[in-house]
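# Observations on chain architecture
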Amino acid sequence: MSQKYALKILCSLLIALCLVTMVLVAGASAEAVNQEAEVDLAIEMTAPKHVETIGSFVINISYSNVGNVASPAADTWVRLTIPSDTKYISATDKEGVSLPPDDIDGNQLTWVVGVIPADSCCRHILVTLELTAELPEESKLTSIAEIGSSAMESNLENNAFSITSEVCDMAGSTKQAQIGKVKPSTVVTYTLTIRMTQRKGHDEQGSHQVELTDVLPPSSQATFLGWTSTTTGIYDGNHLHWQGQVHPGEAVMLQYQLGILGEIPPGSVVTNRAHLNWEGGNMEMQPVEVEIYLTEDDHMFGPGGGQWQHQYGVTLEVPPNAVPATTRFEFKPLFSGEPPEELPPGWMFAHRAFELTAFQFGELHRFNQPITITIGYDEKDVDGLNRNTLRLWYRSGPGEPWAMLGEPVRHQNGQISFTTDHFTQFALMGQGAYTLLLPILMR
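All chains use their own residue numbering, which begins from 1 and follows the written sequence. For this predicted model, a pLDDT threshold of at least 70 governs which residues receive local features, and a threshold of 80 or more governs which side-chain atom pairs are given and counted, while totals over whole chains, interfaces and linings are taken from all residues. Side-chain metrics in this entry use all non-hydrogen atoms of the structure; hydrogen atoms and water are not considered.

## Side note on the overall build of the protein
Under the scheme used here, helices are H or I runs from DSSP no shorter than 4 residues and strands are E runs no shorter than 2 residues, and both carry numbers assigned from the N terminus. Within the protein, the regular secondary structure consists of one helix and 32 strands. By definition in these notes, contact holds between two residues if any of their heavy atoms fall within 4.5 Å. Within the protein, contacts between residues at least 6 apart in sequence are counted, and of these 73% link residues at least 24 apart. The method behind every accessible area is Shrake-Rupley, applied with a 1.4 Å probe, and residues are considered shielded solely by the protein chains displayed. Of the accessible surface of the protein, which amounts to about 24,100 Å², a share of 52% is contributed by carbon and sulfur atoms.

Structure, rendered in structure tokens:
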């Protein structure tokens, strides 16, 4: 074989190899595109862990498209198969707008949900169901939710979801917090209602001897402040305990307060749980969550003191030991630039008024050390006033008389400072800069 002929064969082989490589790369790229660009529908569901033998309960269906291609418009559907011995009552979206099924076939409810955008979360359907028969305790009620469309999906594991609730005579028992979102140093009231369903034909002999255990949040988040209901239990430092007889159709109410500590950071969630036990059964009440938040009008001070400059132009200087524990200070501007009513005779409003409040499991009315309040002002605030007469006045609330706080401790460069051992409503006032002299008329 000549060298020229061998070289020609080698070139042909190289060209063929390149063509094969290009075909393989193109195929792999097309496959990668197909894998990357697809609809991926997903569905989940929540329901009460326990339901009463009579009455209704709500199932919350949550569905989404976690793929990167929108679902088909015409045939994307959600289907709910409800348990036997239940009937459909109503359905809404998350905002409470009526959302009835597009089709009801026996115990299957179907909604045509239209286009679901790519990478979107989440839409909701809240379905209210009602039991159609008086079921024995521990009966299981299983609901199945499904989602689908004409689109091809490589992941079908998230297209169905099932959840089971259990029939329970004590399912009407609840635990609630007075409010779901609070600031540090706030008192929250919790209410426990222990209720037993009245079954047909049951009398006093159908009552339960019930034991309640309430697991409190950790001591780094909250502290127990005591019972506020006439029915009380025992506090052991970490739990609340109560036991007693609960009769069908009656309710036992227990109420207590927790103080949310000032050290807990915003964004934290304070959670506590309650458990019921009785002969032949037990259940956990729905956990209660309280979210902690602060605004720009709040500031936390501890025993070490500190300084807070509010955007309104007021600065607080808190010395050490002014407060015995971490305390929330709250600032609120007053009057929106308008003068307050019923000013002290001879005094004029200097366009600076505000309310200060301190909270430590309730309002803190006095401080152990005086706190310095510095108010900034500009020329338009004190126009027509004698700056040397500027004083801070206070009152306990609207309609109450004004009283002067005292002489300023500093006054320079458009800032004036006063000290106080209590918080209330404050207003900066001054007297006129000019005195009108009237001529004396002689006869």
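## Notes on the state of the cysteines
Put plainly, a disulfide is one covalent bond tying together the sulfur atoms of two cysteines. Cysteine sulfur atoms that come within 2.5 Å of each other are treated as a disulfide pair. Summed over all chains, the structure comprises one disulfide. Disulfide pairing places Cys-121 opposite Cys-122 at an S-S distance of 1.6 Å. Among the residues examined, Cys-122 registers a relative accessible area of 34% and is labelled partly exposed. For every residue, the accessible area obtained with a 1.4 Å probe (protein chains only) is divided by the maximum for its type, and the residue is called buried under 20%, exposed over 50%, and partly exposed between those limits.

## A closer look at the pattern of salt bridges
The term salt bridge refers to a pairing of a side-chain nitrogen on Lys or Arg with a carboxyl oxygen on Asp or Glu at a separation within 4 Å. Inspection of the entire model under this criterion finds 13 salt bridges. Its salt-bridge partner being Arg-391, residue Glu-407 comes within 2.9 Å of it at the nearest N-O pair. Here Glu-407 is found in the loop between β29 (403-404) and β30 (410-412), whereas its partner Arg-391 is found in strand β28 (residues 391-395), with 16 residues between them in sequence. By relative accessible area, which is 54% here, Glu-407 ends up exposed.

## Structural notes on the sheet that holds strand β18 (residues 251-260)
Taken in spatial order, the four strands make up an open sheet running β11-β13-β18-β15, and their pairing is antiparallel. Two strands close off the open sheet at either side, each with one partner strand: β11 (174-177) and β15 (222-227). Neighbour-to-neighbour, the strand axes of the sheet open up by a mean angle of 25°, direction not taken into account. Pairing between two strands requires that DSSP report at least two bridges joining them. Two strands pair when backbone bridges link them, and β11 and strand β13 (residues 187-195) are joined in this way by four bridges, in the antiparallel orientation. Looking across to β13, one finds that Thr-174 is bridged to Thr-193. As a rule, the C-alpha atoms of each element are fitted with a line to give its axis, helices using only the stretch in contact, and angles between N-to-C directions run from 0 to 180 degrees.

## Overview of the nonpolar core
Nonpolar cores are built from buried Ala, Val, Leu, Ile, Met, Phe, Trp, Tyr and Cys residues. Side-chain atoms within 4.5 Å join them into one set. The biggest cluster of nonpolar side chains holds 32 residues, and the ones touching the most others in it are Met-170, Ile-194 and Leu-276. When residues of this core are traced back to their parent elements, those giving at least two are β13, β14 (208-215), β15, β17 (239-246), β18, β19 (269-278) and β21 (288-292). Sequence-distant contacts of Ile-194, defined by excluding residues within four places in its chain, comprise Met-170, Ser-173, Val-210, Leu-212, Trp-242, Val-246, Glu-250, Ala-251, Val-252, Leu-254, Leu-276 and Met-285.

## Topic: the sheet that holds strand β7 (residues 108-112)
An order of β2-β10-β9-β4-β7-β6 is seen for the six strands of this open sheet, with the pairing classed as mixed. Both outer strands of the open sheet, β2 (50-51) and β6 (103-105), are each paired with one neighbouring strand and no more.

## Observations regarding the environment of Ile-260
Looking at where Ile-260 falls in the secondary structure, it is placed in strand β18. Residue class for Ile-260 comes out buried when judged on its relative accessible area of 0%. Considered as a pair, Ile-260 and Pro-184 are 76 residues apart in the sequence and their alpha carbons are 5.6 Å apart. Setting aside anything within four residues of it in sequence, one finds Ile-260 in contact with Val-182, Lys-183, Pro-184, Ser-185, Thr-186, Val-188, Gln-221, Ala-222, Val-270, Ile-292 and Phe-361.

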